[in-house]
Amino acid sequence: MSEQPKPSTPAARAPDPCEAKYMEDEGGALYHDKFPAPPVYHLIFLLPLLIQIAAVIAAHAPLFVPLLTGLPLVLLWLLFAVLRVSVTAKEVHVQYGLFGPKIPVADVERCEAVDYSFQQYGGWGIRYGRDGSTVYNMLGDQGRAVKLVYSKGGASKTVLLSSRDPERLAMAVNQARGGSARRVVGSGA
């Protein structure tokens, strides 16, 4: 019986300008992951914009109409097109558009790669579960995420983070918890 080939691990990369500016600390990051939305995500936003522009052209309406009405859609499109996670010796920084927590590594109680169902959270994006957990997930994560349990204000909080390589992300968080300074660089373009 032959072994199944392991999927190739993503190539190491340096932080992009956003990560370098907002998601680093003095000691440098142990891990960066940039998870861009798949092409189908872009189609979900592009199709309504194209239909709207075509309707305006067909009705001979002023061109500023689709610009004004399409602006919120374009902002949402751009805002949630990339999920970034950086792990430093001090914190796990999650950024989904302008949103996401900075979780102090000292507050992390446990961290592990898990399988989950996006239906449990009602879709993709920043979602809240009935159990009080929060998920930052991206279309195309194959139902894999990192489950991070941490304390905040005396209460235990749970957050799930989509990643194309959740084992690597969990390893970086656990290394930060243990004080190891070895860099683990994640995937992404």
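What you see is a predicted model; the values in this text were computed from it and never measured.

Let's shift gears to the environment of Ala-81. Relative to the helices and strands, Ala-81 is located in the loop between α3 (64-79) and β2 (82-88). Judged by relative accessible area, which is 12%, Ala-81 ranks as buried. As for Ala-81 and Gly-125, which are separated by 44 residues in sequence, their C-alpha atoms are 9.7 Å apart. The contact partners of Ala-81, leaving out residues within four places of it in the chain, are Phe-35, Pro-36, Ala-37, Tyr-41, His-42 and Met-138.

The next thing to look at is the pattern of salt bridges. Opposite charge on two side chains permits pairing when their charged atoms draw close. This structure, assessed with the given rule, holds two salt bridges. Ionic pairing is found between Asp-115 and Arg-144, a salt bridge with its closest N-O pair at 2.8 Å. Of this pair, Asp-115 sits in strand β5 (residues 108-115) while Arg-144 sits in strand β8 (residues 144-152); the two residues are 29 residues apart in sequence, bridging distant segments of the chain. Its relative accessible area of 60% is what places Asp-115 among the exposed residues. Arg-144 serves as the salt-bridge partner of Glu-167, at 2.1 Å between the closest nitrogen and oxygen. Note that Glu-167 is positioned in helix α4 (residues 166-178) and Arg-144 in strand β8, a separation of 23 residues in sequence. Since its relative accessible area comes to 43%, Glu-167 is described here as partly exposed. It is possible to trace a salt-bridge network through shared partners that takes in Asp-115, Arg-144 and Glu-167.

A separate point is the pairing of strand β3 (residues 91-96). Buried residues dominate β3, accounting for five of its six residues. Relative to β3, β2 runs antiparallel, the two being bridged by five bridges. Residue pairing across strands places Val-87 opposite Val-92, the latter belonging to β3. If you look at the hairpin formed by β2 and β3, you'll find two residues sitting between the two strands. Looking at chain direction, β3 and strand β4 (residues 102-104) are connected through three bridges and run antiparallel.

Quick notes on the rules
- Residues numbered from 1 in each chain as written.
- Predicted model: local features only at pLDDT ≥ 70, side-chain atom pairs only at ≥ 80, totals over all residues.
- Heavy atoms only, no water.
- Helix = DSSP H or I, 4+ residues; strand = E, 2+ residues; numbered from the N terminus.
- Buried < 20%, exposed > 50% of the residue type's maximum accessible area, 1.4 Å probe, protein only.
- Contact = heavy atoms within 4.5 Å.
- Salt bridge = Lys/Arg side-chain N within 4 Å of Asp/Glu carboxyl O.
- Pairing = 2+ DSSP bridges.

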